[in-house]
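# Chain and residue survey
These are the residues of each chain, in order.
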Amino acid sequence: MTDDGPALSVPTDLRFLQQSQRFEKLVYVSEKMSALCDLAKTAARTELPVLIQGETGTGKELLARAIHYNSSRKTSPLLVQNCGGMNDELLQSELFGHRRGAFTGAVSDRLGLFRAADAGTVFLDEISDVSPSFQVSLLRFLQEGEVKPLGADQTTQSNVRIIAASNRPLSQLVTRGEFRRDLYYRLKGFEFEVPPLRDRTEDIAALAEFFAAKHSEATGRKILGLSASLIEKLSHYDFPGNIRELENEIRRLVVLTGDGEYLTTRHLSPAVQAATKRQPAERGNGFTPTGGTLKDQVESLERHLVERTLARHRWNQSKAADELGLSRVGLANKIRRYGLNQEEPRDRR
């Protein structure tokens, strides 16, 4: 027993891990992730490019690595480039390379990731952030495999597989004219949508066990297990930061828990501690539109979706607008139209 209820004993903890499935470092028990990983194993055996989408912290890079290390390219390099916040010249240099003197600060030749990973895989994270002009360069590389370093006169060939990831739906960016349609279709040889943790809460217990074992070993602590009430409390929380946030929470608990003790709710962060049991409607689509006319019912549904999305992203309007496929101005107009208020949210399930 612990101070917050029955604990999961060591054998029970091991049962969680035995029942969970693994695809490299991805740990899961849910049907959603099982289906996704089964398809990813099929994708790994092909040479098609892969597009992985999903919220930040859902494990997109882990999925990319799993695909690479289960492919025929596994003995060749997997190189990673985050495309977010980089200007064209720097990104061009990182991926295509440059010649000495190509620009200020180019004091020596640079090979570039596309040539350095020849016969392997390049993982491009935050692909939605690249500029329209760089999208043209990337499209040509996908079509022809040509690499022309900055400052060079000639092109060379490189055979790499591209796995790209985005935390914004590319199809919506294409519709808004912010991403090239032809590049989108080139990237999505296989397309995966990694579900957020709140939509696969059955994975939380297995992941919590995995992270507890990982960080107790890393810190040299002996953790006996996780209390049942801790697992229950974790399952009530939405984890807007997804798996990354769950891992940080468990790592913190491991550090704060005494050697030879169970992880309990005692040291949970305030946000997780305050989480209350989910209502059934929150897990599904249990919303019933109100109003007599079709127009009224559509508006009530729109209001509900906008309000729930804002709440899920803690009123981060940029993230909410991206998820809803709206501009910031469009979202602001709907907030005003429906009189939504961050301090006094209305839940009209």
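Residues numbered from 1 in each chain as written. Predicted model: local features only at pLDDT ≥ 70, side-chain atom pairs only at ≥ 80, totals over all residues. Heavy atoms only, no water.

## Regarding the overall build of the chain
The number of helices and strands found in the chain is 16 helices and eleven strands. Carbon and sulfur atoms make up 48% of the accessible area of the chain, which amounts to about 17700 Å² in all. (Helix = DSSP H or I, 4+ residues; strand = E, 2+ residues; numbered from the N terminus. Areas by Shrake-Rupley, 256 points an atom, 1.4 Å probe, with all protein chains shown as cover.)

## A short note on the packing of helix 4 (residues 88-96) against helix 6 (residues 132-144)
Two elements in contact, helix 4 and helix 6, have axes whose closest approach is 10 Å; the angle formed by their N-to-C orientations is 15 degrees. Looking at the two axes, helix 4 sits roughly parallel to helix 6. Handedness of the crossing formed by helix 4 with helix 6: right-handed. Between helix 4, through Asp88, Leu91, Gln92, Leu95 and Phe96, and helix 6, the contact on the second element is made entirely by Ser133, Phe134, Ser137 and Phe141. Broken down by class, the residue content of the contact of helix 4 with helix 6 amounts to five nonpolar, three polar and one charged. (Axes fitted to C-alpha atoms, helices over the stretch in contact; angles between N-to-C directions. Parallel < 35°, antiparallel > 145°, perpendicular 65-115°, else oblique. Left-handed = near helix turned anticlockwise from the far one by under 90°. Contact = heavy atoms within 4.5 Å. Nonpolar A, V, L, I, M, F, W, Y, C, P; charged D, E, K, R; others polar.)

## Here's the deal with unusual backbone geometry
Positive phi outside glycine occurs at Glu24, with the angle close to 55 degrees. Summarising the element assignment, Glu24 is placed in the loop between strand 1 (21-23) and strand 2 (26-28). Although it is not a glycine, Phe239 adopts a positive phi angle of roughly 50 degrees. With relative accessibility at 0%, the residue Phe239 sits in the buried group. (Buried < 20%, exposed > 50% of the residue type's maximum accessible area, 1.4 Å probe, protein only.)

## A look at the confidence of the model for the chain
Looking at the chain, the pLDDT average stands at 86 and 87% of residues meet or exceed 70. Considering only residues more than four positions removed or in separate chains, one finds that residues 280-284, a stretch of pLDDT under 50, has seven contacts. Counting contacts from residues 344-349, a segment whose pLDDT is below 50, to residues more than four positions away or on other chains yields 19 contacts. (pLDDT = per-residue confidence, 0-100.)

## Some thoughts on helix 6
Because each turn of an α-helix spans 3.6 residues, side chains separated by three or four positions in sequence point in the same direction. With 13 residues, helix 6 should reach 18 Å at 1.5 Å per residue; the first-to-last C-alpha distance of 19 Å fits that figure. Its buried side turned inward, helix 6 meets helix 4, helix 5 (113-116), strand 5 (121-125), strand 6 (146-147), strand 8 (161-166) and helix 8 (181-187). With its phi angle positive at about 70 degrees, Gly145 sits one or two positions after the end of helix 6. (Expected span 1.5 Å × (residues − 1).)

## Here we look at the nonpolar core
Counting 28 residues, the largest nonpolar core has Leu95, Phe114, Ile127, Ile162, Phe179 and Leu187 as the members making the most contacts within it. At five residues, the largest contribution of residues to this core is made by helix 6. One finds Val27, Leu207, Leu230 and Ile243 within the second-largest nonpolar core, a separate group that totals 26 residues. (Core = buried A, V, L, I, M, F, W, Y, C linked by side-chain atoms within 4.5 Å.)

## A closer look at helix 4
Of the residues making up helix 4, those classed as buried are Leu91, Gln92, Ser93, Glu94, Leu95 and Phe96. The inward-facing, buried residues of helix 4 abut strand 4 (78-82), helix 5, strand 5, helix 6 and strand 6. With a side-chain oxygen lying 3.2 Å from the backbone nitrogen of Glu89, the N-terminal cap of helix 4 falls on Asn87. Backbone geometry just downstream of helix 4 places Gly97 in the positive-phi region, at approximately 85 degrees. (Polar contact = N/O pair within 3.5 Å; in protein donor to acceptor, adjacent residues only side chain to side chain.)

## Overview of the packing of aromatic side chains
Inspection of every chain in the model, using the stated rule, returns eight aromatic pairs. When the ring of Phe96 is compared with that of Phe114, the centres are 5.1 Å apart and the planes differ by 90 degrees; the resulting orientation is edge-to-face. Residue Phe96 is located in helix 4, and its partner Phe114 is located in helix 5; the two are separated by 18 residues in the primary sequence. Each of the two residues, Phe96 as well as Phe114, counts as buried. Clustering of aromatic rings is evident, with ring pairs tying together Phe96, Phe114, Phe134 and Phe141. (Phe/Tyr/Trp six-rings, centres within 6.5 Å; stacked < 30°, edge-to-face > 60°.)

## A word on the sheet that holds strand 9 (residues 190-193)
Read from one edge to the other, the open sheet built from five strands follows the order 4-5-8-3-9, with strand pairing classed as parallel. In this open sheet, the two edge strands, each paired with only one partner strand, are strand 4 and strand 9. Strand-to-strand twist of the sheet, defined as the mean angle between neighbouring strand axes without regard to direction, takes the value 15 degrees. Where strand 5 and strand 8 come together, four bridges link them in parallel fashion. Bridge assignment links Thr121 to a residue of strand 8, and that residue is Arg161. (Pairing = 2+ DSSP bridges.)

## Regarding the pairing of strand 3 (residues 50-53)
The two faces of a sheet get side chains in turn, since along a regular strand they alternate between them. By the alternation rule, side chains of strand 3 split into Val50 and Ile52 and Leu51 and Gln53, which are all buried. Of the strand pairs in this sheet, strand 3 and strand 8 are connected by four bridges, and their pairing is parallel. What sits directly across from Val50, in strand 8, is Ile163. Two strands pair when backbone bridges link them, and strand 3 and strand 9 are joined in this way by four bridges, in the parallel orientation. If you follow Leu51 over to strand 9, its bridge partner there is Glu191.

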